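Chain by chain, the residues:
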Amino acid sequence: MAAKIKVDLRPYFSSSERESREEVTITYDLNSGTNLIGLPNLPNISVVDFIDGLSSAAGETAPIVSIIGEGYSTSILPGIGWIGSLMNLSPTKGYWVTLTDDFSFQITGYLVDNNITLHGGNNLVSYWGIDSFDSIQANQQPFGYNFYPYFCPPNTRETGILSEGESTVCTDGNLWVGSLTDFYRTDGFWLIIDGDDS
């Protein structure tokens, strides 16, 4: 695996964002192939600026060939550039990122501080709560809204959470059951919400 690339995105944030948010550096160790990630300390930034920042810091083209979000995607077309409907990256969203090689990098920025807007069905989200959050800690709010990672309250709208290769579901006994037990800021998650948009 190549040396970690360091990207400082703090200048992309407004002065009020820099004053009100927690500054963090998050390290990513991505594998060749497809990775489900979150970018919770990212500013609202274009895909092109993000890839250019990684490539500039690496001194060579970053090995990212596609990024898929919830309902949007973009991919590199040799000789043309980035094409697709995904134009900007959001710190509250999760992304499937496909690489041609292993790639390690660090991003320094400020954690997102707003709630996630959820809709009925599958929501592809980022995570900015306590890093390495153990889901057996009850009644916490790791996704920035009223979400309980261990006890799912009666009549909850959250029916499942999926990450890359792990998942957990809310049982009739109001407990989360499954192999997904820890939440990391590097990861993206599918939150499955029962019911209509809210």
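Note: the structure precedes this text.
Residues numbered from 1 in each chain as written. Predicted model: local features only at pLDDT ≥ 70, side-chain atom pairs only at ≥ 80, totals over all residues. Heavy atoms only, no water.

A few words on the sheet that holds strand β1 (residues 5–8). Read from one edge of the open sheet, three strands run β1-β10-β2, paired in mixed fashion. Only two strands of the sheet have a single neighbouring strand rather than two, namely β1 and β2 (23–30). If you compare each strand with its neighbour and ignore which way they point, the axes differ by 20 degrees on average. Inspection of the sheet shows β1 paired to strand β10 (residues 103–110) by four bridges, in the parallel sense. Each bridged residue has a counterpart across the sheet, and for Asp8 the counterpart in β10 is Thr108. Where helix α2 (residues 47–58) meets the sheet, it contacts β1 and β10, and its direction lies at approximately 130 degrees from that of β1. (Pairing = 2+ DSSP bridges. Helix = DSSP H or I, 4+ residues; strand = E, 2+ residues; numbered from the N terminus. Axes fitted to C-alpha atoms, helices over the stretch in contact; angles between N-to-C directions. Contact = heavy atoms within 4.5 Å.)

What follows deals with the pattern of salt bridges. All told, the structure shown has three salt bridges when counted by the stated rule. A salt bridge links Glu23 to Arg10, with the shortest nitrogen-to-oxygen separation between them at 3.0 Å. Placement of Glu23 in strand β2 and of Arg10 in the loop between β1 and α1 (15–20) is noted, with a sequence separation of 13 residues between them. With relative accessibility at 43%, the residue Glu23 sits in the partly exposed group. Residue classification places Arg10 among the partly exposed positions, given a relative accessible area of 28%. Among the charged side chains, a network of salt bridges with common partners joins Asp8, Arg10 and Glu23. (Salt bridge = Lys/Arg side-chain N within 4 Å of Asp/Glu carboxyl O. Buried < 20%, exposed > 50% of the residue type's maximum accessible area, 1.4 Å probe, protein only.)

Attention now moves to the sheet that holds strand β3 (residues 33–38). The five strands lie next to each other as β3-β9-β5-β6-β7, forming an open sheet whose pairing is antiparallel. Each having just a single partner strand, β3 and β7 (81–84) make up the two edges of the open sheet. If you compare each strand with its neighbour and ignore which way they point, the axes differ by 25 degrees on average. As paired strands, β3 and strand β9 (residues 94–99) are joined by six bridges and run antiparallel to one another. Residue pairing in the sheet places Ile37 in a bridge with Tyr95 of β9. The strands that α2 touches are β5 (64–68), β6 (73–77) and β7; relative to β5, the one it contacts most, it runs at about 145 degrees.

A separate point is a nonpolar patch on the surface. A grouping of Leu77, Ile80 and Ile83 is seen on the molecular surface, where their side chains present a nonpolar patch of about 280 Å² in accessible area. Checked against the element boundaries, Ile80 lands in the loop between β6 and β7. For Ile80, a relative accessible area of 63% translates into the label exposed. (Patch = residues over 30% accessible without salt bridge, like charges linked within 9 Å, V, L, I, M, F, W, Y side chains within 5 Å. Areas by Shrake-Rupley, 256 points an atom, 1.4 Å probe, with all protein chains shown as cover.)

Moving on: α2. The end-to-end C-alpha separation of α2 is 17 Å, in line with the 16 Å expected for 12 residues at 1.5 Å each. Along α2, the positions that sit buried rather than exposed are Val47, Phe50, Ile51, Leu54 and Ser55. For α2, the angular spread of the buried residues around the axis is 130 degrees, confining them to a single face. In the stretch just after α2, Gly59 is the one whose phi turns positive, near 80 degrees. (Expected span 1.5 Å × (residues − 1). Arc of directions from axis to C-beta.)

In terms of nonpolar packing, the biggest core is built from 40 residues, with Leu39, Phe50, Ile67 and Leu89 touching the most fellow members. Only β1, β2, α2, β5, β9, β10 and β17 (189–193) provide two or more residues apiece to this core. Look past the residues within four positions of Leu39 in its chain and what remains in contact with it is Tyr28, Phe50, Leu89, Pro91, Lys93, Tyr95, Ile107 and Ser126. (Core = buried A, V, L, I, M, F, W, Y, C linked by side-chain atoms within 4.5 Å.)

Purely geometric stuff here, so don't read any function into it on its own.
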